[in-house]
Structures are given as structure tokens and as C-alpha cells.
Amino acid sequence: MNHRFLAALFAGIQYLLPQHGLSRIVHALVRIPHPWLKNTLIRMFCAIYRVDLSEAVHSSPDNFESFNDFFTRPLRPDARPICSEPGCIASPADGVVSQIGFLRGSTLLQAKGKHFDLVALLGGGGEFAQRFENGSFVTLYLSPRDYHRIHLPLDAILTAMTHVPGALFSVNAATVETVPNLFARNERVICHFESEAGPMAVILVGALFVSSIETVWHGVVTPPGAAKVRHWDYTTQAIRLQRGDEIGRFNMGSTVIVLFGKDRVRWDSRHVPGSRVRMGESLGSRC
């Protein structure tokens, strides 16, 4: 069977799955503190996905309260140096570059032959979308083995946050190539900033088995059963963050999209679809 058929089959099965129900089951399972269960799960996961625990603050399964505690583990301070060149844009996460480049008007590239709409991605926020038309974007896929805390690409001030309920399709390459408008239909949390490079959005896209997304200023943002778009305005709170500061985390793996306005950044030509990056590594620089 060829790749295209298998990808279509995998995506088709996901349409039939009770995506949110399965995610709620995983949400409960990965928080069970029973030592035998959580240690067994952690050891199996490390063996299957070749997780390097030597980079983490804790290197033994016994040191984690639950599987989720392991999955969202902090790293040693020296494990991910943050790029220090003036104006450099730090990768917000470990992962694989899914796409990197520039918007065509209000359209982003999802995969070869597939595009999606900026306004839909931002949950219908037309006033926010105008700031990113013909701008720049990068999409990073976090695999199960990756570090799952998200950090800030540039010094910035938080101005707003939006939670958009939605589906929970997988975000692996096969599904991204198959499911139309994937990132604009999955559940997501959109964080808006004013940065050194002007307006910037960091979008945390949920996925199958991603039980919750949280931010450092709000806590858990994606409670089970949320049905309406929710918006928070932070313009009066002066929440200032520095490049490399943690801003949130996935409680299972997913995707991060970063947006900038037109003519605001230059991407490093080394980064192409399929290349790996580590949190803190330079993705490019502001213009």
C-alpha cells in the first residue's frame, strides 16, 4: 500500500473517533500517581521514543509524580542555550519545521497543495488577522519525544489571548498532508504579543490525546467541553516577557505556529520543511 493511501486511511479513521472522549481518558490516565503504573509508562515511552532524560532536571522515573509530570518535564538550565545575537528569533520549541515562509495575503501553507486561512486560524479575529497579512510564519511539529514547554521567540508584551474550541485531529505529517484546514479546525490557544519585531502571535494547536494546553499567566486554558471562543485582554496588565521565557506547555504533543507582520523578519535559509530545531536556536532575525 502506498503512502498516500495509508495517510488517507489514517485520517479517515480519525473522523470516526470520539476525539474529545479519548483525550479525556488520556487526561485522567497520565495523571495517575501510582508508582508502578507511572514508572512503567515512563520507561516504555522512553524506550519507544528514545527520550534523553539526561537533559532533564530529573533523570529517573521515580522523581516524577505522574506520567504527565514526566511529559512536561523541565530541562536543565544549560540544556537549551537561548540565541543571544541582537534581534535573533529564538525557536519557541523543540521540533521539526513543518513549514516556514511568508503568507500570501491572508493564506498560509499547510502542506504541498494545501493552504488555510489566517482569519479562520485566529478564530475569526479579523482585526488581529490584518496585522499579519503578507507577513511571515513558521510551523513547528512537536513529536512525542520532544521537550513540550513553549518559550518566547523575542522580548515582548502580552496583549491578548484567545481560546478556540475545535477538533483534535493528529498533527503528524500524514494527517497534515490529508486533512483540509487542519490547523484552523483543531482546538488552539492564540497568544498575541507586541514584540521587538512588531505584532507577534504564538499559536498552540491541540491534537489527538492533547488533554490540555496551559500558559504561565493563566494556567490550564482548555477545559473539557468548552463550546465557545473565549478571549482575554491583557493590554492594561503590562505582562512583560523576555526571549526564552517559558510561556506555556502541551500536556501531550502538538504544533506551534508563530506569526509576524509584513517585512518584519528574515528567516534563516538553513531552516526548511523537515529540518529539526531545538528550543532557543535562532530561526532568523528581525528586520
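Note that the structure is a prediction, hence the values are computed from the model and not measured.

Cut-offs and rules
Residues numbered from 1 in each chain as written. Predicted model: local features only at pLDDT ≥ 70, side-chain atom pairs only at ≥ 80, totals over all residues. Heavy atoms only, no water. Helix = DSSP H or I, 4+ residues; strand = E, 2+ residues; numbered from the N terminus. Salt bridge = Lys/Arg side-chain N within 4 Å of Asp/Glu carboxyl O. Buried < 20%, exposed > 50% of the residue type's maximum accessible area, 1.4 Å probe, protein only. Contact = heavy atoms within 4.5 Å. Pairing = 2+ DSSP bridges. Polar contact = N/O pair within 3.5 Å; in protein donor to acceptor, adjacent residues only side chain to side chain.

Asks: Would you mind going over unusual backbone geometry with me for this structure?
Replies: Leaving glycine aside, a negative phi is the common case for residues, and trans is the common case for peptide bonds. Despite not being glycine, N134 shows a phi value in the positive range, around 60 degrees. If you trace the backbone, N134 turns up in the loop between α6 (126-129) and β5 (136-141). Despite not being glycine, N181 shows a phi value in the positive range, around 55 degrees. In this structure, N181 sits in the loop between α7 (173-176) and α8 (182-185).

Asks: Is there a simple way to explain the pattern of salt bridges in this structure?
Replies: It is possible for side chains of opposite charge to pair when their charged atoms get near one another. In total, this model carries nine salt bridges according to the counting rule given. A salt bridge links E55 to R80; the nearest nitrogen and oxygen atoms lie 3.1 Å apart. Pair noted here: E55 is in the loop between α3 (35-49) and α4 (67-71) and R80 is in the loop between α4 and β1 (88-90), with a separation of 25 residues, a long-range link. Here E55 and R80 have matching classes, each one buried. Ionic pairing is found between R276 and D146, a salt bridge with its closest N-O pair at 2.6 Å. With a gap of 130 residues between them, R276 in strand β17 (residues 276-277) and D146 in the loop between β5 and β6 (149-151) connect regions that are remote in the sequence. Judged by relative accessible area, which is 3%, D146 ranks as buried. Through salt bridges with shared partners, one network takes in E55, R80, D94 and R278.

Asks: What exactly am I supposed to notice about the environment of L241 here?
Replies: Secondary-structure assignment places L241 in strand β13 (residues 239-241). According to the relative accessible area criterion, L241 is buried, its value standing at 13%. Spatially, the C-alpha atom of L241 lies 5.8 Å from that of D155, the residues being 86 residues apart in sequence. Once residues lying within four places of it in the same chain are set aside, the contact partners of L241 are L152, L154, D155, A156, F193, W217 and I247.

Asks: So what exactly am I meant to see when it comes to the sheet that holds strand β11 (residues 219-220) here?
Replies: Across a sheet, paired strands are connected by hydrogen bonds in the backbone, their directions being either parallel or antiparallel. Taken in spatial order, the four strands of this open sheet run β6-β14-β10-β11, and their pairing is antiparallel. Each edge of the sheet is formed by a strand with only one pairing partner; in this case those strands are β6 and β11.

Asks: Looking at this structure, how should I read the side chain of R249?
Replies: The topology assignment puts R249 in strand β14 (residues 246-250). Here the side chain of R249 touches E246 through a polar contact of 3.0 Å, side chain to side chain.

Asks: Where do I start with the pairing of strand β7 (residues 156-164) in this structure?
Replies: Here is the key point about a regular strand: its side chains alternate between the two faces of the sheet. In terms of residue burial, β7 counts as a mostly covered element, since eight of its nine residues are buried. The pairing of β7 with strand β8 (residues 188-195) spans eight bridges and is classified as antiparallel. Paired with L158 across the two strands is F193, which belongs to β8. Bridge count between β7 and β13: three bridges; the pairing is antiparallel. Within β13, the position partnered with L158 by the bridge is I239. Pairing geometry for β7 and strand β12 (residues 230-233), over four bridges, is antiparallel. Residue pairing in the sheet places H163 in a bridge with R230 of β12.

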